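Secondary and tertiary structure notes
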Amino acid sequence: MSLLQQLRDESDFDQLPHNIPICATIADIEEKKGFIDYFMFVIEVKTKGGSKYFIYRRYREFFNLHQVLEFRYSPENSDKGGPNTCILPSLPGKVFMGNKREIAESRIPELNTYMKRLLGLPTWLLLDEAIRMFFYQTDLDCQQQPRALRRLRPPTRKVKTVKPKMELFSAPRAEAIFDFRGNGKAELKLKKGEVIFLLQRVNADWLEGTVNNQTGIFPLSFVKIIKPLPESDSEGEGGGPTYSCLRCFMLTPSGVNTRDVCVQEDLTIQPTYKDLLSRMRHVFQVDDIAINYRDHEGDLIRILDDEDVQLMIRQSRDQQGNVKIPVNQFPWELHVTYASDLSVYNVEA
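Quick summary incoming for the structure in this document. (Residues numbered from 1 in each chain as written. Predicted model: local features only at pLDDT ≥ 70, side-chain atom pairs only at ≥ 80, totals over all residues. Heavy atoms only, no water.)

1. Looking at the pattern of salt bridges
We count it as follows: Salt bridge, as used here, is a side-chain nitrogen of Lys or Arg placed within 4 Å of a carboxyl oxygen of Asp or Glu. Strands are runs of DSSP state E lasting at least two residues, helices are runs of H or I lasting at least four, and both sets are numbered from the N terminus onward. Three labels apply to residues, based on accessible area from a 1.4 Å probe with only protein chains included: buried if under 20% of the type maximum, exposed if over 50%, partly exposed otherwise in between.
By the definition in use, this model includes four salt bridges. The partner of Arg-72 in a salt bridge is Asp-128, with the nearest N and O atoms 2.9 Å apart. One end of the pair, Arg-72, is in helix α2 (residues 59-73); the other, Asp-128, is in the loop between α3 (100-118) and α4 (129-134), and 56 residues separate them in sequence. Residue classification places Arg-72 among the partly exposed residues on the basis of a relative accessible area of 41%.

2. Quick notes on the environment of Thr-85
We count it as follows: Contacts: residue pairs with any heavy atoms within 4.5 Å of one another.
Turning to its location among the elements, Thr-85 is positioned in the loop between α2 and α3. In sequence terms Thr-85 and Arg-72 are 13 residues apart; their C-alpha atoms lie 7.8 Å from each other. Setting aside residues no more than four positions away along its own chain, Thr-85 makes contact with Tyr-73, Pro-75 and Trp-124.

3. Comments concerning the sheet that holds strand β3 (residues 52-57)
Heads up, the condition is: Two strands pair under a simple rule: DSSP has to find at least two bridges between them. Under this scheme, a helix contributes an axis fitted over its contacting stretch, all axes are lines through C-alpha atoms, and angles between N-to-C directions fall in the 0 to 180 degree range.
The strand order across the open sheet built from three strands is β1-β2-β3, with neighbouring strands paired in antiparallel fashion. For this open sheet the edge positions go to β1 (21-33) and β3, each flanked by a neighbour on one side alone. Neighbour-to-neighbour, the strand axes of this sheet turn through a mean angle of 25°, independent of strand direction. In the sheet, β1 pairs with strand β2 (residues 37-47) via 11 bridges, with the strands oriented antiparallel. From the neighbouring strand, Ile-26 faces β2, where its bridge partner is Ile-43. In this fold α2 packs onto β2 and β3, with an angle of close to 95° to the strand it touches most, β3.

4. Some remarks on the pairing of strand β9 (residues 244-252)
Across the nine residues of β9, eight count as buried, placing the element largely inside the fold. Bridge analysis of β9 against strand β10 (residues 255-263) gives nine bridges, and the strand direction is antiparallel. Among the inter-strand pairings, Ser-244 is bridged to a residue of β10, identified as Val-263. Between β9 and β10, which pair antiparallel in sequence order, lie two residues. Pairing analysis gives three bridges linking β9 to strand β13 (residues 334-338), with the strands arranged parallel. Along β13, the bridge assignment pairs Met-250 with Val-336.

5. Some thoughts on the packing of aromatic side chains
Quick note on the threshold: What counts as a ring pair is set by centres within 6.5 Å for rings of Phe, Tyr and Trp (its six-membered ring), and what kind of pair is set by the plane angle: stacked under 30 degrees, edge-to-face over 60, tilted for all other angles.
For the coordinates displayed, the defined rule picks out nine aromatic pairs. Judged by centre distance (5.6 Å) and plane angle (70°), the rings of Tyr-73 and Trp-124 are edge-to-face. Of this pair, Tyr-73 sits in helix α2 while Trp-124 sits in the loop between α3 and α4, and the two are 51 residues apart along the sequence. Residue Tyr-73 is classed as buried on the basis of its relative accessible area of 13%.

6. Details of the sheet that holds strand β8 (residues 223-227)
Here we have five strands laid out as an open sheet, ordered β7-β6-β5-β4-β8, and antiparallel in their pairing. Two strands close off the open sheet at either side, each with one partner strand: β7 (214-219) and β8. Sheet twist, expressed as the mean angle between neighbouring strand axes with direction ignored, is 40°.

Just geometry here; none of it tells us what the structure is for.
Here it is in structure tokens:
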């Protein structure tokens, strides 16, 4: 690089706004257990003005950013650039099979290199709206609290082997210390060692909870409380991830299979049609299914896209005042049928 070009670049950099990101490093990964389980990268961003903050991004957000930048700035001929083109850094490709945690961990060095090279491109590119929005700290980013930040810790002389904690969630939960068979559909079957998410107290001796996508009651004497239920609704606020329960039904000619699915989502969330369909396939272990909801007249309405999901949620909220909904349960329910079956079974759900 010539001295003139270097001085010109330094002058351009000095004119950049103070909130422009100039450095970004992945501090950790965090698992998100929603309708679809995935990992997010916790990224520490440093700006030209010296401020620091954390943002949370999925790999697909890196991928979408890269596609936008390629469309705008990649030269048609890689050997010949233009005034508004540049050679972009390479992004690690998609991985469709494997352990999600291992995939996320293995991507950290490559994504760090990608962000370093991306923010080292010509200064005019740093003003691109797509780049600024990717590194911008949103309201959702501000609401989240980093947990470990393993990669920002200072190095130590002796590497200590830390046993992974068994308490992976912040939701109220208990561990079964004995097997419990249950004496009916209302009672939850437990195996020793299973972790049960607690939903509510039934009385002094019984609790209601969910495990293995099944919900029911069980005796308090058969479990060890890991984290107790809050004494009131207000105690659960601000204490970590929000867990909510989704009730769903699998409608078949022989009857109804009812499941309660515990997800790390707020009750106000609007999931996508694709995520709901994928989750129901996993819960009921059936691929050829369709998802439906019941309208205010009790008719079964098939969900085909995100607009249908939005309509289902809006109608359920309109009817919410007439029906008492348990705490931490979505006001809407899913009715799952076989995709080839267009009939409605007259089964009381």
